[in-house]
Amino acid sequence: MQDNKHDDEVDKSAHAGVRTPLDHTKTVNKILLLVAGMFCFAFALVPLYDVFCKVTGINGKTNTEAAVYTATDIDETRTITVDFITRTNSGMPWEFTAQTRKIDVHPGQMNEVAFYVRNPTNRDIIAQAVPSVSPGTAALYLNKTECFCFQHQPLKAGEEALMPMVFYVDPQLPEDITFFTLQYTLYDITRTVDKETVNVAMN
């Protein structure tokens, strides 16, 4: 009797550590659901992040539309240094430089700077400038009333141009921010624009 009881216990313990095909199927299904959930969350995170950035401005994105300047008192007790940086995206052959590398401004004061571009290639190119501000919080207080970044910028082969940017810093800029950097990255978007648009832009 004892031997039979011992054998039963051995059989139970042996079977306890063995997964049946049904157990494996459940585990695989759980993993697949987890992976699918993570994928959906990551996919949804992009538009959510864009909305969050648009509301807070913490990633340094600036407005894509011209601001309307309202007369305000210029705070001459504060001086903000704005540094301009230019770069071109990989594959973009244009020359792109800031005519003004650095400028000191007073909150509420209108300011104008210009950026130089030249298309040294033998083909027509349409560009798009994408701005970013660092620290990102400063983007909320940078108001551009005119900017080349609001529209596509076409240049024929060998052409050059000066592109203006008119802006003011909101007097509500936090006191601890005395310096920020505005960077423009230039992209070649010629292939993404329809032919009709290209023809209109180049004529």
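Refer to the preceding data block for the structure.
Small disclaimer: the values here were computed from a predicted structure and weren't measured.

Reading the values: the criteria
Residues numbered from 1 in each chain as written. Predicted model: local features only at pLDDT ≥ 70, side-chain atom pairs only at ≥ 80, totals over all residues. Heavy atoms only, no water. Helix = DSSP H or I, 4+ residues; strand = E, 2+ residues; numbered from the N terminus. Buried < 20%, exposed > 50% of the residue type's maximum accessible area, 1.4 Å probe, protein only. Contact = heavy atoms within 4.5 Å. Areas by Shrake-Rupley, 256 points an atom, 1.4 Å probe, with all protein chains shown as cover. Pairing = 2+ DSSP bridges. Axes fitted to C-alpha atoms, helices over the stretch in contact; angles between N-to-C directions.

Trainee: Please explain the overall build of the protein as it appears in this structure.
Mentor: If you tally the helices and strands in the protein, you get 3 helices and 9 strands. Starting at the N terminus, the α and β elements of the protein follow one another as α-α-β-β-β-β-β-β-β-β-β-α. Per-residue burial for the protein yields a buried fraction of 33% across its 203 residues. For the protein, restricting intrachain contacts to residue pairs at least 6 apart in sequence, the fraction spanning at least 24 positions comes to 77%. For the protein, the exposed area adds up to about 13300 Å²; of that, 56% sits on carbon and sulfur atoms.

Trainee: Explain the sheet that holds strand 1 (residues 80-88) to me, please; I cannot follow it from the model alone.
Mentor: Strand order across the open sheet formed by 5 strands is 3-1-9-5-7, with mixed pairing between neighbours. Every other strand in the sheet has two partners, leaving strand 3 (102-105) and strand 7 (153-155) as the edge strands with one partner each. Across the sheet, the mean angle from the axis of one strand to that of its neighbour is 30 degrees, orientation sign disregarded. Note: strand 1 against strand 3, 4 bridges, orientation antiparallel. In the sheet register, Asp83 faces strand 3, and the bridge partner there is Lys102.

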